There are 2 protein chains.
Amino acid sequence: MSNEKADAPFAYHGLDRVFHEKARLGIVSSLVTQAKGLAFSELKALVGLTDGNLSRHLQVLEEAGFIAIQKGFEGKRPVTHCTLTALGRNQFLDYLDVLEEVLRTASVAREVTPDSIP
Amino acid sequence: MSNEKADAPFAYHGLDRVFHEKARLGIVSSLVTQAKGLAFSELKALVGLTDGNLSRHLQVLEEAGFIAIQKGFEGKRPVTHCTLTALGRNQFLDYLDVLEEVLRTASVAREVTPDSIP
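Now for a description of the structure that goes with this document. The structure displayed is predicted, hence computed values, not measured ones.

## Focus on the relation of the copies chain A and chain B
Logical step 1: Once turned by 180° and shifted 0.0 Å along the axis, chain A lies on chain B with an RMSD of 0.0 Å. Put plainly, the chains are arranged around a two-fold axis.
Logical step 2: By residue overlap, the copies meet face to face through one surface: 100% of the interface positions of chain A are interface positions in chain B.

This is the structure in C-alpha coordinates:
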(Lines give C-alpha, C1' and ligand atoms only; values in the text may rest on other atoms or scores of the structure.)
Protein backbone atom coordinates (compact mmCIF):
# COMPACT_ATOMS: atom_id res chain seq x y z
CA MET A 1 0.00 0.00 0.00
CA SER A 2 3.09 2.22 0.05
CA ASN A 3 2.14 3.60 -3.37
CA GLU A 4 -1.24 4.86 -2.19
CA LYS A 5 -1.41 8.63 -2.02
CA ALA A 6 -2.47 10.50 1.08
CA ASP A 7 -3.39 13.69 -0.79
CA ALA A 8 -5.91 12.23 -3.24
CA PRO A 9 -9.16 14.22 -2.84
CA PHE A 10 -11.41 11.13 -2.87
CA ALA A 11 -9.22 8.87 -0.70
CA TYR A 12 -11.38 9.53 2.39
CA HIS A 13 -8.64 8.53 4.81
CA GLY A 14 -10.71 9.92 7.67
CA LEU A 15 -13.31 7.17 7.26
CA ASP A 16 -11.95 5.04 10.12
CA ARG A 17 -12.65 1.41 9.26
CA VAL A 18 -13.58 0.66 12.86
CA PHE A 19 -16.60 2.99 12.59
CA HIS A 20 -17.27 2.65 8.87
CA GLU A 21 -18.26 -1.02 9.03
CA LYS A 22 -22.07 -1.11 8.76
CA ALA A 23 -22.84 -3.10 11.92
CA ARG A 24 -20.41 -1.07 14.04
CA LEU A 25 -21.82 2.16 12.62
CA GLY A 26 -25.21 1.04 13.94
CA ILE A 27 -23.77 0.12 17.34
CA VAL A 28 -21.92 3.41 17.81
CA SER A 29 -24.85 5.47 16.49
CA SER A 30 -27.01 3.72 19.08
CA LEU A 31 -24.54 4.43 21.88
CA VAL A 32 -23.49 7.98 21.05
CA THR A 33 -26.55 9.68 22.52
CA GLN A 34 -26.74 7.36 25.53
CA ALA A 35 -24.51 8.84 28.25
CA LYS A 36 -25.36 5.91 30.52
CA GLY A 37 -24.78 3.36 27.79
CA LEU A 38 -26.96 0.41 26.83
CA ALA A 39 -27.37 -3.19 27.93
CA PHE A 40 -26.32 -5.88 25.45
CA SER A 41 -29.98 -6.89 25.00
CA GLU A 42 -31.04 -3.30 24.27
CA LEU A 43 -28.24 -2.89 21.72
CA LYS A 44 -29.15 -6.19 20.13
CA ALA A 45 -32.72 -5.00 19.53
CA LEU A 46 -31.53 -1.70 18.07
CA VAL A 47 -28.97 -3.07 15.63
CA GLY A 48 -30.65 -6.36 14.77
CA LEU A 49 -27.55 -8.54 15.03
CA THR A 50 -27.21 -12.07 16.39
CA ASP A 51 -25.53 -12.46 19.81
CA GLY A 52 -22.39 -13.77 18.14
CA ASN A 53 -22.08 -10.97 15.60
CA LEU A 54 -22.85 -8.28 18.16
CA SER A 55 -20.19 -9.70 20.52
CA ARG A 56 -17.62 -9.79 17.76
CA HIS A 57 -18.20 -6.16 16.75
CA LEU A 58 -18.25 -4.97 20.37
CA GLN A 59 -14.87 -6.63 20.83
CA VAL A 60 -13.42 -4.71 17.86
CA LEU A 61 -14.75 -1.45 19.33
CA GLU A 62 -13.42 -2.30 22.80
CA GLU A 63 -9.97 -3.18 21.43
CA ALA A 64 -9.87 0.23 19.71
CA GLY A 65 -10.65 1.86 23.06
CA PHE A 66 -13.92 3.26 21.70
CA ILE A 67 -16.31 1.47 24.05
CA ALA A 68 -16.15 0.10 27.59
CA ILE A 69 -17.85 -3.18 28.43
CA GLN A 70 -18.91 -3.90 32.00
CA LYS A 71 -20.17 -7.30 33.05
CA GLY A 72 -22.37 -7.29 36.13
CA PHE A 73 -25.60 -8.56 37.60
CA GLU A 74 -29.14 -7.28 37.78
CA GLY A 75 -30.41 -9.32 40.71
CA LYS A 76 -29.20 -12.80 39.77
CA ARG A 77 -29.28 -12.14 36.04
CA PRO A 78 -25.93 -11.48 34.34
CA VAL A 79 -25.97 -8.19 32.41
CA THR A 80 -23.41 -6.86 29.93
CA HIS A 81 -23.38 -3.08 29.71
CA CYS A 82 -21.73 -1.03 26.96
CA THR A 83 -20.79 2.64 27.00
CA LEU A 84 -18.97 4.82 24.50
CA THR A 85 -15.67 6.14 25.91
CA ALA A 86 -14.65 9.81 25.59
CA LEU A 87 -12.09 8.71 22.98
CA GLY A 88 -14.77 6.80 21.09
CA ARG A 89 -17.10 9.78 21.14
CA ASN A 90 -14.47 12.24 19.92
CA GLN A 91 -13.22 9.94 17.17
CA PHE A 92 -16.77 9.22 16.09
CA LEU A 93 -17.55 12.93 15.79
CA ASP A 94 -14.46 13.26 13.58
CA TYR A 95 -15.71 10.33 11.51
CA LEU A 96 -19.11 12.06 11.13
CA ASP A 97 -17.33 15.18 9.83
CA VAL A 98 -15.77 13.13 7.03
CA LEU A 99 -19.12 11.49 6.30
CA GLU A 100 -20.66 14.95 5.96
CA GLU A 101 -17.94 15.89 3.51
CA VAL A 102 -18.64 12.74 1.46
CA LEU A 103 -22.31 13.69 1.33
CA ARG A 104 -21.61 17.31 0.42
CA THR A 105 -19.38 16.25 -2.46
CA ALA A 106 -21.62 13.50 -3.75
CA SER A 107 -24.89 15.37 -3.38
CA VAL A 108 -23.92 17.51 -6.36
CA ALA A 109 -24.94 14.36 -8.24
CA ARG A 110 -28.60 15.02 -7.47
CA GLU A 111 -28.44 18.11 -9.65
CA VAL A 112 -27.02 16.24 -12.63
CA THR A 113 -29.92 15.30 -14.94
CA PRO A 114 -30.21 11.55 -15.52
CA ASP A 115 -30.40 12.27 -19.28
CA SER A 116 -26.77 13.26 -19.29
CA ILE A 117 -25.79 9.84 -17.93
CA PRO A 118 -25.21 7.10 -20.54
CA MET B 1 -27.61 -14.62 9.70
CA SER B 2 -31.22 -15.78 9.68
CA ASN B 3 -31.67 -14.49 13.21
CA GLU B 4 -30.80 -10.93 12.23
CA LYS B 5 -33.77 -8.60 12.30
CA ALA B 6 -34.79 -6.47 9.36
CA ASP B 7 -36.79 -4.00 11.45
CA ALA B 8 -34.06 -2.94 13.89
CA PRO B 9 -33.81 0.89 13.69
CA PHE B 10 -30.00 0.93 13.62
CA ALA B 11 -29.49 -2.03 11.27
CA TYR B 12 -28.88 0.29 8.27
CA HIS B 13 -29.70 -2.39 5.73
CA GLY B 14 -29.71 0.28 3.03
CA LEU B 15 -25.96 0.78 3.36
CA ASP B 16 -25.11 -1.39 0.34
CA ARG B 17 -21.72 -2.97 0.99
CA VAL B 18 -20.67 -2.42 -2.61
CA PHE B 19 -20.82 1.36 -2.09
CA HIS B 20 -20.05 1.48 1.62
CA GLU B 21 -16.48 0.20 1.27
CA LYS B 22 -14.18 3.22 1.64
CA ALA B 23 -12.23 2.88 -1.60
CA ARG B 24 -15.35 2.20 -3.68
CA LEU B 25 -17.12 5.14 -2.05
CA GLY B 26 -14.28 7.33 -3.33
CA ILE B 27 -14.48 5.82 -6.81
CA VAL B 28 -18.25 6.23 -7.14
CA SER B 29 -18.18 9.74 -5.63
CA SER B 30 -15.58 10.63 -8.25
CA LEU B 31 -17.69 9.19 -11.08
CA VAL B 32 -21.16 10.35 -10.06
CA THR B 33 -20.81 13.89 -11.34
CA GLN B 34 -18.91 12.89 -14.50
CA ALA B 35 -21.49 12.08 -17.17
CA LYS B 36 -18.68 11.21 -19.59
CA GLY B 37 -16.83 9.09 -17.04
CA LEU B 38 -13.16 9.12 -16.18
CA ALA B 39 -10.03 7.44 -17.47
CA PHE B 40 -8.36 4.89 -15.18
CA SER B 41 -5.41 7.24 -14.70
CA GLU B 42 -7.69 10.15 -13.71
CA LEU B 43 -9.58 7.97 -11.22
CA LYS B 44 -6.30 6.72 -9.81
CA ALA B 45 -5.17 10.27 -9.04
CA LEU B 46 -8.52 11.12 -7.42
CA VAL B 47 -8.81 8.10 -5.14
CA GLY B 48 -5.13 7.52 -4.41
CA LEU B 49 -5.16 3.75 -4.92
CA THR B 50 -2.52 1.53 -6.50
CA ASP B 51 -3.29 0.11 -9.97
CA GLY B 52 -4.01 -3.30 -8.45
CA ASN B 53 -6.38 -2.06 -5.78
CA LEU B 54 -8.20 0.26 -8.15
CA SER B 55 -8.66 -2.59 -10.68
CA ARG B 56 -9.99 -4.90 -7.97
CA HIS B 57 -12.57 -2.38 -6.75
CA LEU B 58 -13.62 -1.45 -10.29
CA GLN B 59 -14.24 -5.13 -10.94
CA VAL B 60 -16.56 -5.37 -7.91
CA LEU B 61 -18.49 -2.33 -9.15
CA GLU B 62 -18.68 -3.70 -12.71
CA GLU B 63 -19.92 -7.09 -11.49
CA ALA B 64 -22.68 -5.29 -9.56
CA GLY B 65 -23.67 -3.53 -12.80
CA PHE B 66 -22.87 -0.13 -11.27
CA ILE B 67 -20.11 0.90 -13.66
CA ALA B 68 -19.20 0.18 -17.27
CA ILE B 69 -15.57 -0.29 -18.25
CA GLN B 70 -14.47 0.36 -21.84
CA LYS B 71 -11.01 -0.53 -23.04
CA GLY B 72 -9.82 1.41 -26.04
CA PHE B 73 -6.95 3.40 -27.49
CA GLU B 74 -5.93 7.03 -27.50
CA GLY B 75 -3.65 7.03 -30.49
CA LYS B 76 -1.46 4.01 -29.78
CA ARG B 77 -1.83 4.26 -26.00
CA PRO B 78 -4.30 1.80 -24.38
CA VAL B 79 -6.90 3.64 -22.28
CA THR B 80 -9.39 2.21 -19.80
CA HIS B 81 -12.47 4.36 -19.37
CA CYS B 82 -15.02 4.04 -16.55
CA THR B 83 -18.55 5.40 -16.40
CA LEU B 84 -21.30 5.03 -13.82
CA THR B 85 -24.34 3.20 -15.26
CA ALA B 86 -27.90 4.47 -14.75
CA LEU B 87 -28.41 1.60 -12.28
CA GLY B 88 -25.25 2.56 -10.41
CA ARG B 89 -26.32 6.19 -10.24
CA ASN B 90 -29.81 5.39 -8.95
CA GLN B 91 -28.58 2.89 -6.38
CA PHE B 92 -25.88 5.31 -5.23
CA LEU B 93 -28.46 8.07 -4.70
CA ASP B 94 -30.45 5.60 -2.56
CA TYR B 95 -27.27 4.82 -0.62
CA LEU B 96 -26.71 8.56 -0.05
CA ASP B 97 -30.23 8.83 1.38
CA VAL B 98 -29.38 6.22 4.01
CA LEU B 99 -26.07 7.94 4.74
CA GLU B 100 -27.99 11.17 5.33
CA GLU B 101 -30.27 9.37 7.75
CA VAL B 102 -27.23 8.01 9.62
CA LEU B 103 -25.87 11.53 9.92
CA ARG B 104 -29.19 13.01 11.03
CA THR B 105 -29.54 10.40 13.76
CA ALA B 106 -25.96 10.56 14.95
CA SER B 107 -25.62 14.32 14.78
CA VAL B 108 -27.84 14.60 17.87
CA ALA B 109 -24.62 13.50 19.58
CA ARG B 110 -23.07 16.89 18.96
CA GLU B 111 -25.59 18.44 21.31
CA VAL B 112 -24.82 16.05 24.16
CA THR B 113 -22.29 17.73 26.47
CA PRO B 114 -19.06 15.74 26.85
CA ASP B 115 -19.43 16.08 30.65
CA SER B 116 -22.35 13.72 30.59
CA ILE B 117 -20.20 11.01 29.00
CA PRO B 118 -18.26 8.79 31.42
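This is not the end of the story, as more comes after the structure.
## Examining the sheet that holds strand S2 (residues 67-74) of chain B
All names here are of chain B.
Logical step 1: Judged by pairing direction, the sheet is antiparallel, and its three strands sit side by side in the order S1-S3-S2 without closing on themselves. The sheet is open, and its two borders are formed by strand S1 (38-39) and S2, each paired with just one other strand.
Logical step 2: Bridge count for S1 against strand S3 (residues 77-84) is two bridges, and the pairing is antiparallel. Residue pairing for S3: leucine 38 is matched across the bridge by cysteine 82.
Logical step 3: Packing of helix H4 (residues 51-63) onto the sheet brings it into contact with S2 and S3, and relative to S2 it is tilted by some 125°.

## Considering the nonpolar core
Across soluble globular proteins, nonpolar side chains show a tendency to be buried alongside one another.
Logical step 1: Judged by nonpolar contacts, the single largest core of 66 residues is most densely connected at Ile27(A), Phe92(A), Ile27(B) and Phe92(B).
Logical step 2: Leaving out residues up to four positions away in the same chain, Phe92(B) has contacts with Ala106(A), Phe19(B), Leu25(B), Val28(B), Ser29(B) and Val32(B).

## Remarks on the interface of chain A and chain B
Logical step 1: Contacts between the two partners involve 52 residues from chain A, matched on the other side by 52 residues from chain B.
Logical step 2: Taken together, the two surfaces of chain A and chain B that pack against each other cover about 4700 Å², and 62% of this comes from carbon and sulfur.
Logical step 3: Across the chain A-chain B interface, the total number found is two salt bridges.
Logical step 4: In this structure, the connection of chain A to chain B is made through five residue pairs in polar contact (both at pLDDT 80 or more).
Logical step 5: Secondary-structure elements contributing two or more residues to the side of chain A that touches chain B are helix H1 (17-20), helix H2 (22-31), helix H3 (40-47), strand S3 (77-84) and helix H5 (86-106) of chain A.
Logical step 6: For the side of chain A that touches chain B, the element with the most residues is H5(A), which contributes twelve residues.

## With respect to the packing of aromatic side chains
Logical step 1: Within the structure shown, the criterion is met by ten aromatic pairs over all chains.
Logical step 2: On the basis of an interplanar angle of 10° and a centroid distance of 4.6 Å, the ring pair of Phe19(A) and Phe66(A) is categorised as stacked. Highlighted residues: Phe19(A) in helix H1 and Phe66(A) in the loop between helix H4 (51-63) and strand S2 (67-74), separated in sequence by 47 residues.
Logical step 3: Classification of Phe19(A) as buried rests on a relative accessible area of 0%.
Logical step 4: Under the relative-accessibility criterion, Phe66(A) is labelled buried at 5%.
Logical step 5: Ring geometry for Phe10(B) against Tyr12(B): centres 6.1 Å apart, planes inclined by 75°, an arrangement best described as edge-to-face. For the pair Phe10(B) and Tyr12(B), a shared accessibility class is recorded, and that class is buried.
Logical step 6: Grouping aromatic residues by their ring pairs yields a cluster made of Phe19(A), Phe66(A), Phe92(A) and Tyr95(A).

What counts, and where the lines are drawn
- Residues numbered from 1 in each chain as written.
- Chains lettered and ligands numbered in written order.
- Predicted model: local features only at pLDDT ≥ 70, side-chain atom pairs only at ≥ 80, totals over all residues.
- Heavy atoms only, no water.
- Least-squares fit on C-alpha atoms with pLDDT ≥ 70 in both.
- Contact = heavy atoms within 4.5 Å.
- Pairing = 2+ DSSP bridges.
- Helix = DSSP H or I, 4+ residues; strand = E, 2+ residues; numbered from the N terminus.
- Axes fitted to C-alpha atoms, helices over the stretch in contact; angles between N-to-C directions.
- Core = buried A, V, L, I, M, F, W, Y, C linked by side-chain atoms within 4.5 Å.
- Buried < 20%, exposed > 50% of the residue type's maximum accessible area, 1.4 Å probe, protein only.
- Buried area = accessible area lost by both parts, 1.4 Å probe.
- Salt bridge = Lys/Arg side-chain N within 4 Å of Asp/Glu carboxyl O.
- Polar contact = N/O pair within 3.5 Å; in protein donor to acceptor, adjacent residues only side chain to side chain.
- Phe/Tyr/Trp six-rings, centres within 6.5 Å; stacked < 30°, edge-to-face > 60°.

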